[in-house]
Amino acid sequence: MRYAVMAPVAAGVTARPDWMGEFARHAEECGFESIVAVEHAVVVSRYSSVYPYASSGKMELADDCDIPDPLDLLMFLAAHTTRIELATGVLVLPNHHPVVLAKRAATIDALSGGRLHLCVGMGWMREEIEACGAEFETRGRRADEQIDVLRKLWDDRSPTGVDHDGRFFSFAGAMTYPKPARPGGIPIHIGGHSRAAARRAGRRGDGLQPLGVGGAELRELIDLMRQEAEAADRDPDALEVTLGHLVSAITTEKAESLAARGASRIVLQTTPTTDLDAVKDELSACAQRLGLAGR
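Residues numbered from 1 in each chain as written. Predicted model: local features only at pLDDT ≥ 70, side-chain atom pairs only at ≥ 80, totals over all residues. Heavy atoms only, no water.

Participant: I tried to follow the environment of Asp 223 on my own but got confused; where do I start?
Facilitator: Along the chain, Asp 223 turns up in helix α7 (residues 215-231). Once the C-alpha coordinates of Asp 223 and Thr 81 are considered, the two residues, 142 residues apart in sequence, prove to be 36 Å apart. (Helix = DSSP H or I, 4+ residues; strand = E, 2+ residues; numbered from the N terminus.)

Participant: Explain the packing of aromatic side chains to me, please; I cannot follow it from the model alone.
Facilitator: Aromatic ring pairs are described here by two measures, namely the spacing of the ring centres and the angle between the planes. Applying the stated criterion across every chain, the model contains five aromatic pairs. Summarising the aromatic geometry, the rings of Phe 168 and Phe 169 are spaced 6.5 Å apart at their centres and angled 50 degrees between planes, so their arrangement reads as tilted. Using a relative accessible area of 5% as the deciding quantity, one classes Phe 169 as buried. By way of ring pairs, the aromatic residues Tyr 47, Tyr 51, Tyr 53 and Trp 124 are connected into one cluster. One Lys or Arg, Lys 58, reaches over the ring of Tyr 47 and ends 4.1 Å from the middle of that ring. Here the basic side chain of Arg 139 rests over the ring of Phe 136, its NZ or CZ set 3.8 Å away from the ring centre. (Phe/Tyr/Trp six-rings, centres within 6.5 Å; stacked < 30°, edge-to-face > 60°. Buried < 20%, exposed > 50% of the residue type's maximum accessible area, 1.4 Å probe, protein only. Lys NZ or Arg CZ within 6 Å of the ring centre and 35° of its normal.)

Participant: Where do I start with the side chain of Asn 95 in this structure?
Facilitator: You can see Asn 95 is positioned in the loop between β4 (91-92) and α3 (98-112). Of the residues examined, Asn 95 reaches a relative accessible area of 14% and is grouped as buried. Discounting residues that sit within four places of it in the chain, Asn 95 has contacts with Glu 39, Ala 41, Glu 128, Ile 129 and Cys 132. (Contact = heavy atoms within 4.5 Å.)

Participant: What is the right way to read unusual backbone geometry from this model?
Facilitator: It is generally the case that most residues other than glycine have a negative phi and that most peptide bonds are trans. A cis amide bond, omega 0 degrees, links Gly 89 with the succeeding residue Val 90. Secondary-structure assignment places Val 90 in the loop between β3 (85-88) and β4. Following Tyr 177, the chain continues to Pro 178 via a peptide bond in cis, the omega torsion being 10 degrees. Assignment of secondary structure puts Pro 178 in the loop between β7 (170-174) and β8 (188-192). Although it is not a glycine, Arg 46 adopts a positive phi angle of roughly 60 degrees. Located in the positive-phi region is Asp 233, a residue other than glycine, with phi close to 60 degrees. Assignment of secondary structure puts Asp 233 in the loop between α7 and β10 (240-246).

Participant: I tried to follow the pattern of salt bridges on my own but got confused; where do I start?
Facilitator: Where charged atoms from two side chains of opposite charge come close, those side chains can pair. Using the criterion set out here, one finds 19 salt bridges in the structure. For Arg 200, the salt bridge identified is with Asp 144, shortest N-O distance 2.6 Å. Of this pair, Arg 200 sits in helix α6 (residues 195-204) while Asp 144 sits in helix α5 (residues 139-155), and the two are 56 residues apart along the sequence. Here the two residues Arg 200 and Asp 144 agree in accessibility, since each one is buried. Among the salt bridges present, the one from Asp 206 reaches Arg 151, with a minimum N-O distance of 3.1 Å. Residue Asp 206 is located in the loop between α6 and β9 (207-210), and its partner Arg 151 is located in helix α5; the two are separated by 55 residues in the primary sequence. (Salt bridge = Lys/Arg side-chain N within 4 Å of Asp/Glu carboxyl O.)

Participant: Would you mind showing me how to read the nonpolar core here?
Facilitator: Nonpolar side chains tend to gather and get buried jointly when the protein is soluble and globular. Ranked by size, the top nonpolar core spans 71 residues in total, and within it Phe 32, Trp 154, Leu 268 and Leu 283 carry the most contacts. With residues near it in sequence (within four places) discarded, Leu 268 still touches Tyr 3, Ala 4, Val 5, Met 6, Phe 32, His 245, Leu 246, Val 247, Ile 250, Cys 286 and Leu 290. Core analysis: the second largest hydrophobic core is formed by nine residues, Tyr 51, Met 59, Ile 67 and Trp 124 among them. (Core = buried A, V, L, I, M, F, W, Y, C linked by side-chain atoms within 4.5 Å.)

Okay, here's the thing in structure tokens:
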């Protein structure tokens, strides 16, 4: 089992450089696998979209909460660490042009020594996606093409570049360097709670991060991902499943329970507080409970 920690966006500290630099270094010293950064390019006040992960239909974050660009935040954290991996969870894919995203992500991966992985989602806030210039209704089909474009640009090393002629994006002879550091490019996991997300993970992703689901529904999504992978002649056993829990509550027994449900990684949320020492103590205690091989 691998354990990641979420950058504590709810505490309103993720744009504070000293705070986040020390948080990242301590998480690395404790032996956590990765740091995960969330995204909202914009939050539209008085949005009418329904947040699917709370009964209120509204997300827990305040509209004016600091939410740094996740890729820029991860690059900053890469400069303050040496080993811990860097992840998005989730990057709202419709907000990004894939040609520009391919360059930004590959740059982070190259300069961090191959530590980036992406978890991408389709987004739930119509107002945000439309403000970024994409059409809400076609974001799923657009995302499939975006993933294909990312992989093409990362993989191509021909002297004439790569071509793409799709519904949403088109280019010829495109060359983008640097390439990702790791062989095979940057892993792309799919975040979400829908059957479409599970199908996308099986057909195009490297894993699934089911959000806000459990029990039989979770099992169905994982099974669907595996079925879609087999249908696409991909190895279902190579796909990862990431589930969530709390730093303060996770135990080896609970981790074993999540592993039994298919999890290979657990993303942990810290208690929302601006008290850095308290968060560091919480991370240290968690690492000790889980037997992580920290320094």
